[in-house]
Amino acid sequence: MTLRAISSFVLALLVAGCGPSPATIEHPPLDLSLDEPAPRSVVTTMNINPDKKAGPQGSALTILNPETGDLEVFPFATMRGGPVAGQGMHTALTSDRQRVFCTLGGNDDLDLRLVTIDLHWQGGKAHPEVVETRSVVDAGTRGNESNGASCHPGAPGIRQEGHGSRITEDGRFLTFTEMQNDRVRVFDIAQDAFVGAPQSHPNLYAPHGLYPNPSGTHAATPQYWFDHNTVGIWTLDSLTGTPAFAFAIQMADSTGSGAYQHTVRWLDDSRFYVTVTQEAAQGDGSSQQGIWMGDLTTRSGKPVLGENDILEGVSDCGIAKGKLYVAEGNVAKFLASEPTPGHLSVWDISAPEAPTLIRRFSAGDGFPGDFSNAHSIGVPIDGSSVFVESFSSHYLIQVDPVSDTVMRVFGKDHGLDTPHGIYVQP
């Protein structure tokens with residue numbers, strides 16, 4: 001199998017292990033009169049290892065109170081209001097930290113689903129309860145074969161994934177993409193319903209998330225596939241949240257292009273960073289790993305960090321305290337069993353178009369010696385912490401953005417198993 005065939009998301013390696021729903025477990029009723037406000041800040045992610053050998057802990061919701069360092073893992077198979085079967089994708093937490101939305105993958109037996117979970121904070125602890133499970137794509141639905149929807153090691157099979165979940169800053173809408181169907185989705189949180197039908201456009205190719213700008217007027221879709229270097233820009237209706245494709249911004253100039261994009265992080269309402277994973281030895285050779293900046297006003301993109309700055313393909317980035325935190329980790333290399341050391345580099349963005357390196361965390365240099373493949377980053381609104389997670393080495397690490405030192409390290413000993421889908425509120 002070629003690198004192109006196996007370079008779709010790491011979940012493809014694992015989805016065959018997802019089976020039917022386990023038996024329902026009876027829970028004593030919660031006394032809702034005891035519900036209380038959530039902690040000031042909360043981090044959610046998921047264990048996404050559906051290998052049966054992992055047991056119930058392999059598919060679970062993880063909740064962290066970053067102020068106390070309390071981390072709890074709640075298996076979907078035994079969750080109140082459940083069980084829920086299958087492999088998690090992404091989480092999205094409401095600003096009051098009382099409700100979390102989880103996308104869970106689909107295959108031959110399971111729908112792609114959006115699961116709504118109330119957290120019920122009591123005595124400083126979360127008590128998750130599944131309150132709704134919605135079908136997004138029916139079980140057995142084939143995705144776009146051209147973007148590798150059924151390409152993974154072993155026999156081809158059905159795979160449907162919901163990616164890049166975000167909540168608009170006003171808290172009204174949840175956005176994500178059906179990556180294998182080249183479609184965007186918007187969910188109205190107040191109305192508790194999807195906004196219209198899924199939307200697509202010929203420009204979309206394996207879109208990884210629909211990322212709203214701060215005012216919620218526009219959103220961007222990066223393309224998570226080799227050699228595809230445009231970011232789709234959508235308008236969002238201010239009343240209904242309905243998305244409409246506006247234009248595409250190409251991340252390319254005379255020096256090369258930025259393809260196999262994973263996430264978008266907005267600097268303001270018109271400018272954003274997009275992370276570029278594809279390295280020069282991958283795809284058609286035109287791309288190099290790094291960070292590009294897109295501009296809605298000029299409808300153009302430019303590189304701000306390239307292969308001479310970044311050691312690995314870039315999976316994610318986050319902004320805190322005037323600095324850019326870059327998760328260096330190439331999923332395609334990981335899937336091809338190539339070395340993917342993984343780093344977290346820190347950049348001063350006093351000049352956003354010309355970042356300057358402050359430091360780099362690596363395995364054995366600030367990070368645990370077995371750290372690999374930095375994948376996702378979460379940053380609260382106040383920029384008080386930076387969280388980086390690695391599904392391949394089972395770490396969630398909290399970094400102090402003032403001193404750029406590690407505050408806490410969570411790993412297997414804390415119950416993490418292939419963590420993925422981080423979200424931080426507020």
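Residues numbered from 1 in each chain as written. Predicted model: local features only at pLDDT ≥ 70, side-chain atom pairs only at ≥ 80, totals over all residues. Heavy atoms only, no water.

Draft legend 1. Expanded view of the overall build of the chain. Broken down by element type, the chain carries two helices and 34 strands. The globule rule puts the C-alpha radius of gyration for 426 residues at 22 Å, and the 20 Å found for the chain is close to it. For the chain, contacts bridging at least 24 residues in sequence account for 55% of all contacts bridging at least 6. Accessible area of the chain: about 15,200 Å², with a carbon and sulfur share of 50%. Across the chain, 27 positive and 48 negative side-chain charges occur, with their mean positions spaced 0 Å apart. (Helix = DSSP H or I, 4+ residues; strand = E, 2+ residues; numbered from the N terminus. Rg over C-alpha atoms; globule rule 2.2 N^0.38 Å. Contact = heavy atoms within 4.5 Å. Areas by Shrake-Rupley, 256 points an atom, 1.4 Å probe, with all protein chains shown as cover. Lys, Arg positive; Asp, Glu negative; His and termini not counted. Charge placed at Lys NZ, Arg CZ, Asp CG, Glu CD.)

Draft legend 2. Looking closely at the pairing of strand β18 (residues 243–250). Here seven bridges tie strand β17 (residues 230–236) to β18, and the two strands are oriented antiparallel to one another. Within β18, the position partnered with T235 by the bridge is A244. (Pairing = 2+ DSSP bridges.)

Draft legend 3. Structural context of the sheet that holds strand β22 (residues 271–276). A sheet is described by the order of its strands in space; here four strands give the open sequence β21-β22-β23-β24, paired in antiparallel fashion. Edge positions in the sheet fall to β21 (261–266) and β24 (300–305), since each has one partner strand and no second. Strand-to-strand, the axes of this sheet are offset by a mean angle of 30°, without reference to chain direction. Here four bridges tie β21 to β22, and the two strands are oriented antiparallel to one another. The residue bridging Q261 from the neighbouring strand is V276, located in β22. (Axes fitted to C-alpha atoms, helices over the stretch in contact; angles between N-to-C directions.)

Draft legend 4. Just the packing of aromatic side chains, in detail. Following the criterion strictly, the structure yields twelve aromatic pairs and no others. With centroids separated by 5.0 Å and ring planes inclined at 20°, the aromatic side chains of F361 and F367 adopt a geometry described as stacked. Across this residue pair, the class does not change: F361 and F367 are buried. Of the aromatic side chains, those joined through ring pairs into one cluster are F101, F176, F187 and F194. Positioned above the aromatic ring of F247 is the side chain of R299, whose terminal nitrogen or guanidinium carbon lies 4.0 Å from the ring centre. Sitting above the plane of the F361 ring, R359 keeps its charged end 3.8 Å from the centroid. (Phe/Tyr/Trp six-rings, centres within 6.5 Å; stacked < 30°, edge-to-face > 60°. Buried < 20%, exposed > 50% of the residue type's maximum accessible area, 1.4 Å probe, protein only. Lys NZ or Arg CZ within 6 Å of the ring centre and 35° of its normal.)

Draft legend 5. Spatial organisation of the environment of T230. Tracing the chain through its elements places T230 in strand β17. Taking C-alpha positions, T230 is 14 Å from Y211, a pair spaced 19 residues apart along the chain. Non-local contacts of T230, meaning those with residues more than four positions away in its chain, are made with N203, T221, Q223, A248, I249, Q250 and Q261. One polar contact links T230 to N203, side chain to side chain, over a distance of 3.0 Å. Polar contacts involving the side chain of T230 include one to the side chain of Q223, which spans 2.5 Å. (Polar contact = N/O pair within 3.5 Å; in protein donor to acceptor, adjacent residues only side chain to side chain.)

Draft legend 6. Highlighting the environment of A281. Within the secondary structure, A281 is located in the loop between β22 and β23 (290–295). The exposure class assigned to A281 is exposed, which follows from its relative accessible area of 78%. Measuring from C-alpha to C-alpha, the distance between A281 and V84 comes to 40 Å, with 197 residues separating the pair along the chain.

Draft legend 7. Spotlight on the sheet that holds β18. On the basis of which strands lie adjacent, the open sheet formed by four strands has the order β15-β16-β17-β18 and antiparallel pairing. Each edge of the open sheet is held by one strand with a lone partner, namely β15 (211–212) and β18.

Draft legend 8. Local environment of unusual backbone geometry. The linkage connecting G82 with the following residue, P83, adopts the cis geometry, with an omega of 5°. Secondary-structure assignment places P83 in the loop between β3 (70–75) and β4 (88–93). The omega torsion of the bond from Q425 to P426 falls at -5°, within 30 degrees of zero and hence cis. Secondary-structure assignment places P426 in the segment after β34 (419–425). In the Ramachandran plot, D192 falls in the positive-phi region, its phi being about 60° despite a non-glycine side chain. Along the chain, D192 falls in the loop between β12 (183–188) and β13 (193–194). On the basis of relative accessible area, D192 is assigned to the partly exposed category, the value being 33%. Here the phi dihedral of H394 falls at roughly 65°; this positive angle occurs in a residue that is not glycine. Along the chain, H394 falls in the loop between β31 (386–390) and β32 (395–400). By relative accessible area, which is 14% here, H394 ends up buried.

Interpretation in functional terms is not warranted from these geometric data alone.
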